[in-house]
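Listed below, chain by chain, are the residues.
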Amino acid sequence: MANADRPVTLAAIAGAHGVRGEVRLKLFGEGAETLRAFSVFDAGGRRLTLKSVRPANQGAVATFAEVNDRSAAEALRGTLLTVPRSALPPLAEGEYYHHDLIGLPCVSADGGAIGTVVAVENFGAGDILEIEKPAEPGKKSVRFMVPMNARAVPAWDADSVTVDPAFVE
């Protein structure tokens with residue numbers, strides 16, 4: 001498993017909502033309901049205790065015990081809400097957290113080095129890995145995308161991602 005203490009960002013505070021200290025959240029997970037599994041978040045070096053959260057247009061609205069008015073809520077704009085990786089629910093076979101794939105080295109099915117996973121995107125048809133090849137001397141690095149499916153990515157673990165050579169650009 002990935003480093004258990006590595007922080008995982010679940011949301012960012014987008015600004016104040018109303019006058020009673022509620023905040024608007026931009027979500028990086030699967031919805032407002034997933035935040036309810038956590039009672040405390042790290043928020044830029046301070047801890048925030050979740051009182052309530054509800055879905056809202058393109059995100060969520062949350063109330064934290066430590067935030068009681070609009071100015072306190074507005075002061076948190078841009079703050080990331082994180083939890084330790086160890087706090088996330090365990091995964092079933094074949095599942096992964098995007099967070100765990102980012103930064104992993106990519107190797108070809110024949111063992112050759114390809115690059116590093118720099119992002120995991122989903123444009124509606126499934127996850128896509130963005131892989132960055134190392135830059136050749138005097139040139140810029142090259143990025144390419146690979147679908148996260150069994151044909152293109154036959155294996156992955158906590159140490160690396162294996163990519164079928166047919167998908168390497």
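Relevant structure appears above.
Criteria and thresholds
Residues numbered from 1 in each chain as written. Predicted model: local features only at pLDDT ≥ 70, side-chain atom pairs only at ≥ 80, totals over all residues. Heavy atoms only, no water. Helix = DSSP H or I, 4+ residues; strand = E, 2+ residues; numbered from the N terminus. Contact = heavy atoms within 4.5 Å. 1 Å grid on protein atoms, 1.4 Å probe; cavity = no way out; pocket = protein on both sides within 12 Å on 5 of 7 lines; lining within 4 Å. Points joined across faces, edges and corners; volume = space filled by probe spheres on them. Nonpolar A, V, L, I, M, F, W, Y, C, P; charged D, E, K, R; others polar. Buried < 20%, exposed > 50% of the residue type's maximum accessible area, 1.4 Å probe, protein only. Phe/Tyr/Trp six-rings, centres within 6.5 Å; stacked < 30°, edge-to-face > 60°.

Colleague: Is there a simple way to think about the side chain of Thr82 in this case?
Modeller: Summarising the element assignment, Thr82 is placed in strand β6 (residues 80-84). Discounting chain neighbours no more than four positions away, the residues touching Thr82 are Pro7, Val8, Thr9, Phe41 and Asp42.

Colleague: Explain the layout of surface pockets to me, please; I cannot follow it from the model alone.
Modeller: A water-sized probe rolled over the atoms picks out the places where empty space is left. Estimated volume of the largest pocket: approximately 850 Å³. As for the largest pocket, its lining consists of 24 residues, and the residues nearest its centre are Phe28, Gly29, Glu30, Tyr97 and His98. The set of elements that each furnish at least two residues to the lining of the largest pocket consists of β1 (7-17), α1 (32-35), α3 (98-101) and β8 (113-122). Among the residues forming the lining of the largest pocket, the class breakdown is 13 nonpolar, 7 polar and 4 charged.

Colleague: Help me out: how do you make sense of unusual backbone geometry in this one?
Modeller: For residues besides glycine, phi is generally negative; the peptide bonds are generally trans as well. One non-glycine residue with positive phi stands out, namely Gln58, at about 50°. Relative to the helices and strands, Gln58 is located in the loop between β4 (46-56) and β5 (59-64). A relative accessible area of 82% places Gln58 in the exposed class.

Colleague: Explain the packing of aromatic side chains here, please?
Modeller: For any pair of aromatic rings, the description rests on two quantities: the centre-to-centre distance and the angle between the ring planes. For the coordinates displayed, the defined rule picks out 3 aromatic pairs. Between Tyr96 and Trp156, the ring centres sit 5.4 Å apart and the planes meet at 85°, which makes this aromatic pair edge-to-face. Of this pair, Tyr96 sits in the loop between β6 and α3 while Trp156 sits in strand β11 (residues 155-156), placing them 60 residues apart in sequence. In this structure an aromatic cluster arises from ring pairing among Phe38, Phe41 and Phe64.

Colleague: Explanation requested: the environment of Phe123 in the structure shown.
Modeller: Among the secondary structure elements, Phe123 is positioned in the loop between β8 and β9 (127-133). Look at Phe123 and you get exposed, because its relative accessible area is 61%. A C-alpha to C-alpha distance of 18 Å links Phe123 and Val153, two positions 30 residues apart in sequence. When residues no more than four places from it in sequence are discounted, the contact partners of Phe123 are Ile128 and Met145.

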